[in-house]
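# Descriptive analysis of the structure
Below are the chains, spelled out letter by letter.
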Amino acid sequence: MNPPDASTTPPLHIVLACGYASDRGSHRELNEDSLLSSDPMFAVADGMGGHEAGEVASGICVQTLGKHPLLAAKGRLLTISDVCNLVNDADAAIRTATGSRSGTTLSGVVLVEDGGGLFWLIFNVGDSRTYLFNGDGLEQITVDHSEVQELMQMGVITAQEAAEHPRRSVITKALGTGSKAAPDLILLPAQDGDRILICSDGLTGEINDEQIHRIMSTLPHPQHAADSLVQVALDTGGQDNVTVMVINASV
């Protein structure tokens, strides 16, 4: 997990506004994506279509997170340990319900308090993604757990080649199936004007970061941005389920 930047002093209070949209796409019978919008936690889960009942796995994942007593305790900010426990509980619930035959990605963000300030704690398993958009531009925070990502890191293929690679949808970590997967955790100072984008790979498989940046730059309302991103992904091809959440932060 990345340490917070000591040169930045995060605010003590932040108001969040969220917009979200989801569509099964043009070529899928079911929408296996699920989402959670329960301030201060926001997440997208993408059920693994190659396994039994991916929609069940993603649904169990977000239901377990959303109904957990830790999130029900209004006025109490979660800790890093809390988030790890929540993700572990979701993983266990999927395994119990499906016999480890179904899996899901999970990517999201939660506001946590650390050292007297507020931070984004970004968590990720699989190839759904979380981005940060602010005055410095658009930055992909998470790193995909996928075969093509590993090939790129080894220098075997380029990012352009990865976009067309026949195994681009094969992930190497998931919740609910395979080896127990601890989430990647990234801690970033939360600032006034931050915008968080969380999405399934149905978005990033259809449009590039430049297109995402343009929409995030021109549509300040989170619901308008989410709707537009999903629509552009559908217009481009809509090969997969697509789910998008946009969270605006203001002091």
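Residues numbered from 1 in each chain as written. Predicted model: local features only at pLDDT ≥ 70, side-chain atom pairs only at ≥ 80, totals over all residues. Heavy atoms only, no water.

Right, let's get into the environment of Ser217. Mapping Ser217 onto the fold places it in helix H7 (residues 209–218). The spacing of Ser217 and Gly135 is 82 residues in sequence and 9.8 Å in space, taken between C-alpha atoms. (Helix = DSSP H or I, 4+ residues; strand = E, 2+ residues; numbered from the N terminus.)

Of the residues in the protein chain, 86% have a pLDDT of 70 or more, and the chain-wide mean is 88. Below pLDDT 50 for its whole length, residues 2–7 participates in eight contacts with residues either more than four positions away or in separate chains. (pLDDT = per-residue confidence, 0-100. Contact = heavy atoms within 4.5 Å.)

Reading across from one edge, E2-E3-E4-E5-E8 is the order of the five strands in this open sheet, with antiparallel pairing throughout. One side of each edge strand has no neighbouring strand; the edge strands of this open sheet are strand E2 (33–38) and strand E8 (184–189). Within this sheet the neighbouring strands show an average axis-to-axis angle of 20°, counted without direction. Pairing geometry for strand E5 (residues 117–125) and E8, over six bridges, is antiparallel. What sits directly across from Leu121, in E8, is Leu187. (Pairing = 2+ DSSP bridges. Axes fitted to C-alpha atoms, helices over the stretch in contact; angles between N-to-C directions.)

So, on to the environment of Leu111. Looking at where Leu111 falls in the secondary structure, it is placed in strand E4 (residues 106–114). For Leu111, a relative accessible area of 4% puts it in the buried group. Counting along the chain gives 69 residues from Leu111 to Phe42, while the straight-line C-alpha distance between them is 9.3 Å. Not counting residues up to four positions away in its chain, the partners in contact with Leu111 are Ile14, Leu16, Pro40, Leu77, Leu78, Leu118, Phe119, Trp120 and Ala190. (Buried < 20%, exposed > 50% of the residue type's maximum accessible area, 1.4 Å probe, protein only.)

The strand order E1-E10-E9-E6-E7 describes an open sheet built from five strands, whose pairing is antiparallel. Across the chains shown, the open sheet's two edge strands, defined by having one partner strand only, are strand E1 (15–23) and strand E7 (137–140). Between one strand axis and the next, the sheet turns through 15° on average, direction left out of account. The pairing of E1 with strand E10 (residues 242–250) spans nine bridges and is antiparallel. Residue pairing in the sheet places Val15 in a bridge with Ser250 of E10. The strands touched by H7 are strand E6 (129–134), E7, strand E9 (195–199) and E10; relative to E6, the strand with the most contacts, the crossing angle is about 50°. Strands E1, E9 and E10 of the sheet are contacted by helix H8 (residues 222–236), whose axis makes an angle of about 25° with E1.

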